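Listed below, chain by chain, are the residues.
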Amino acid sequence: LAIDWLAASAPTTNDLQGVAWRDGLWVVGGGGGTVLTSGDATNWVAQTSGSTAFLSGAAAANGLFILTGDRGTILTSPNGTNWSPQSSGTTNWIYRIRSVNGRFVAVGEGGTIVSSLDGTNWTSLNSGTTRLLNAVDYLGDSYYAVGAQGVVLQSGNLTTWTNIGTITGKSLYGVAGTSNQIAAVGI
């Protein structure tokens, strides 16, 4: 219920940001290409990612873990231990990734949105903005991306994005909701 919290030590002093869980395994990404894995979220093991990128996004689905980060970095692994770089088609920071509606969708710097069905082949999408996008989700029958200066984008097909406006000029860092209501949080 997320009521009682226990401190867990990590074998790194790097910042940690992306976290994903699949089939009893936790994977965390962070600064300097840091990758940690744990079966119990208490005892962590450092893995070799093969990257020096800041890994800020994490997702798990379709038999894969995916980490995203600066310089357009996308890494995939079937087991959290062996990591392979993928071509994202961008050098922009891919800040966050989600597994939504049967595909992986990632957002980031300069309005970057990339999508993949299999985690290997990525397609760049035109978001219509140059603002940093911090989060993405699929709610009801639409995708939503939120980001810097309160930008909120909506798309029913990932191809055409509409800036639907916002009630704040402050940056938004998370989005979630149901089929008839969304919530966005930020500064």
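Refer to the structure presented above.
This one's a predicted model, so the numbers in the text were calculated from it and none came from an experiment.

1. Concerning the packing of aromatic side chains
Link 1 in the chain: Scanning the entire structure with this criterion turns up 4 aromatic pairs.
Link 2 in the chain: Note on W21 and W26: the rings are 6.4 Å apart at their centroids and 55° apart in plane angle, and the pair reads as tilted.
Link 3 in the chain: Among the residues examined, W21 registers a relative accessible area of 48% and is labelled partly exposed.
Link 4 in the chain: Take W26: its relative accessible area is 30%, and that puts it in the partly exposed class.
Link 5 in the chain: Every member of this aromatic cluster is reached through a ring pair, and the members are F54, W93 and Y95.
Link 6 in the chain: In this structure, R22 packs its charged tip against the face of F65, placed 4.5 Å from the ring centre.
Link 7 in the chain: Here the guanidinium or amino end of R96 rests over the ring plane of Y95, the centre of that ring lying 4.5 Å away.

2. Regarding the sheet that holds strand β11 (residues 113-116)
Two orientations exist for strands paired in a sheet by backbone hydrogen bonds: parallel and antiparallel.
Link 1 in the chain: In spatial order, the strands read β9-β10-β11-β12; together these 4 strands make up an open sheet with antiparallel pairing. Each edge of the open sheet is held by one strand with a lone partner, namely β9 (94-100) and β12 (123-125). Neighbouring strand axes in the sheet, compared pairwise and without regard to direction, differ in orientation by 25° on average.
Link 2 in the chain: Both strand β10 (residues 103-108) and β11 contribute to a ladder of 4 bridges, which runs antiparallel. Bridged to A106 within β11 is V114.

Rules used throughout
Residues numbered from 1 in each chain as written. Predicted model: local features only at pLDDT ≥ 70, side-chain atom pairs only at ≥ 80, totals over all residues. Heavy atoms only, no water. Phe/Tyr/Trp six-rings, centres within 6.5 Å; stacked < 30°, edge-to-face > 60°. Buried < 20%, exposed > 50% of the residue type's maximum accessible area, 1.4 Å probe, protein only. Lys NZ or Arg CZ within 6 Å of the ring centre and 35° of its normal. Pairing = 2+ DSSP bridges. Helix = DSSP H or I, 4+ residues; strand = E, 2+ residues; numbered from the N terminus. Axes fitted to C-alpha atoms, helices over the stretch in contact; angles between N-to-C directions.

Don't take any of this as a statement about function, it's just geometry.
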